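# Structural features, examined
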Amino acid sequence: QLAHMDLLTFATAFDMQGPLVSILRPPADIPIIGGMLPPPQAKKILNFHGDWLRDNYGHGYTAELTWGNTVDDLIENLNNGYPTSIHISQPTNLLNIKNGKVEWGDWRTLIGGAPHTVTLAGYDPNTDTWLILDPSPYANTDYTKWNTDELMDLWGRQFIGYPPRFAMTTLIPDTTSTLKA
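Because the structure is a prediction, the values reported are computed rather than measured.

Our focus in this paragraph is the side chain of threonine 169. Relative to the helices and strands, threonine 169 resides in strand β8 (residues 168–173). Only 2.8 Å separates the side chain of threonine 169 from the side chain of histidine 87, close enough to count as a polar contact. Residues in contact with threonine 169, not counting those within four places in the same chain, are Leu46, Ala63, Glu64, Leu65, Pro83, Thr84, Ser85 and His87.

See the structure below:
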């Protein structure tokens, strides 16, 4: 009997498969870049996980990375029940002024901001509120809430190393089982 392998367990096991794996995902224990997973590599790892589930349990999913999407695409994915992550760039400053002195800020300003991925949890059209699951240790322990203007600003920033603007990764569950009776 195979134990269920959730995504965190899968990623940990994936990290231990040798040095070539680091091309897809630097292991979490590497300082600064450890655990970073740019969207194209995330798609590959998610598809490995979907295949593993399919091979072992008969049902998996396919990860699709797309860009040039709209708010309507996000709402459609939520309505379809598809887990969807959006790839954003958080604003940063190269220089900060503290107590009248200029100090170095965040080097990621040079690439367009701090690349980050968050997962959509819901949308309330009556209040124009997007519910966001943010894996950052600095985020709320509850949902992060953005209005559409905030979402579009963060989602629409172009930066080096991430896909083009308005990118999202969608997990599409299998509609049929591959289990053999």
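After that view of the structure, there is still more to cover.
Sheet faces and side chains relate simply in a regular strand, where the side chains alternate between the two faces. Both strand β3 (residues 95–98) and strand β4 (residues 101–104) contribute to a ladder of four bridges, which runs antiparallel. In the strand pairing of β4, leucine 95 is matched with tryptophan 104. Between the end of β3 and the start of β4, which pair antiparallel, lie two residues, with asparagine 99 showing a positive phi angle near 50°.

Turning to a nonpolar patch on the surface, a few remarks are in order. Nonpolar side chains collect at one region of the surface, where Leu95, Ile97, Val102 and Trp104 lie side by side and expose about 530 Å² of accessible area between them. If you list the elements that add at least two residues to the nonpolar patch, you get β3 and β4.

Close approach of charged atoms allows side chains of opposite charge to pair. In the structure shown here, the tally under the stated rule is three salt bridges. With a shortest N-O distance of 2.6 Å, arginine 54 and aspartate 51 are connected by a salt bridge. In this pair, arginine 54 and aspartate 51 both sit in helix α2 (residues 39–57), three residues apart, roughly one turn of the helix. In this structure arginine 54 comes out as buried when scored by relative accessible area, which is 17%. Each of the salt bridges in this network shares a partner with another, and the network as a whole consists of Asp51, Arg54 and Asp174.

All right, on to the packing of aromatic side chains then. Scanning the model with the defined rule gives three aromatic pairs in all. With a centroid separation of 5.8 Å and 65° between ring planes, the pair formed by tryptophan 52 and tyrosine 57 is classed as edge-to-face.

As a further point, take the side chain of histidine 49. Structurally, histidine 49 can be placed in helix α2. A distance of 2.7 Å separates the side chain of histidine 49 from the side chain of tyrosine 61, its partner in a polar contact.

What follows concerns the sheet that holds strand β5 (residues 114–124). In spatial order, the strands read β1-β8-β2-β5-β6-β7; together these six strands make up an open sheet with antiparallel pairing. At either end of the open sheet lies a strand with only one pairing partner, and these are β1 (61–66) and β7 (144–146). Within this sheet the neighbouring strands show an average axis-to-axis angle of 35°, counted without direction. Relative to strand β6 (residues 129–133), β5 is paired through five bridges, and the arrangement is antiparallel. Paired with aspartate 124 across the two strands is threonine 129, which belongs to β6. On the sheet, helix α3 (residues 71–80) packs against β2 (84–90), β5, β6 and β8 and is oriented at approximately 60° with respect to β5.

What follows deals with helix α4 (residues 148–155). All of the buried residues in α4 are Thr148, Leu151, Leu154 and Trp155. For α4, the angular spread of the buried residues around the axis is 135°, confining them to a single face. Against α3, β2, β5, β6 and β7 lie the buried residues of α4. For α4, the N-terminal cap is asparagine 147; the gap from its side-chain oxygen to the backbone nitrogen of aspartate 149 is 2.9 Å.

With that settled, consider the nonpolar core. Core analysis: the largest hydrophobic core is formed by 14 residues, its most contacted members being Leu74, Ile86, Trp146 and Leu151. Those elements that provide at least two residues to this core are α3, β2, β5, β6 and α4. With three residues, α4 is the largest single contributor of residues to this core. In contact with leucine 151, not counting residues within four places along its chain, are Leu74, Ile86, Leu120, Trp130, Ile132, Trp146 and Gly156.

Quick notes on the rules
Residues numbered from 1 in each chain as written. Predicted model: local features only at pLDDT ≥ 70, side-chain atom pairs only at ≥ 80, totals over all residues. Heavy atoms only, no water. Helix = DSSP H or I, 4+ residues; strand = E, 2+ residues; numbered from the N terminus. Polar contact = N/O pair within 3.5 Å; in protein donor to acceptor, adjacent residues only side chain to side chain. Contact = heavy atoms within 4.5 Å. Pairing = 2+ DSSP bridges. Patch = residues over 30% accessible without salt bridge, like charges linked within 9 Å, V, L, I, M, F, W, Y side chains within 5 Å. Areas by Shrake-Rupley, 256 points an atom, 1.4 Å probe, with all protein chains shown as cover. Salt bridge = Lys/Arg side-chain N within 4 Å of Asp/Glu carboxyl O. Buried < 20%, exposed > 50% of the residue type's maximum accessible area, 1.4 Å probe, protein only. Phe/Tyr/Trp six-rings, centres within 6.5 Å; stacked < 30°, edge-to-face > 60°. Axes fitted to C-alpha atoms, helices over the stretch in contact; angles between N-to-C directions. Arc of directions from axis to C-beta. Core = buried A, V, L, I, M, F, W, Y, C linked by side-chain atoms within 4.5 Å.

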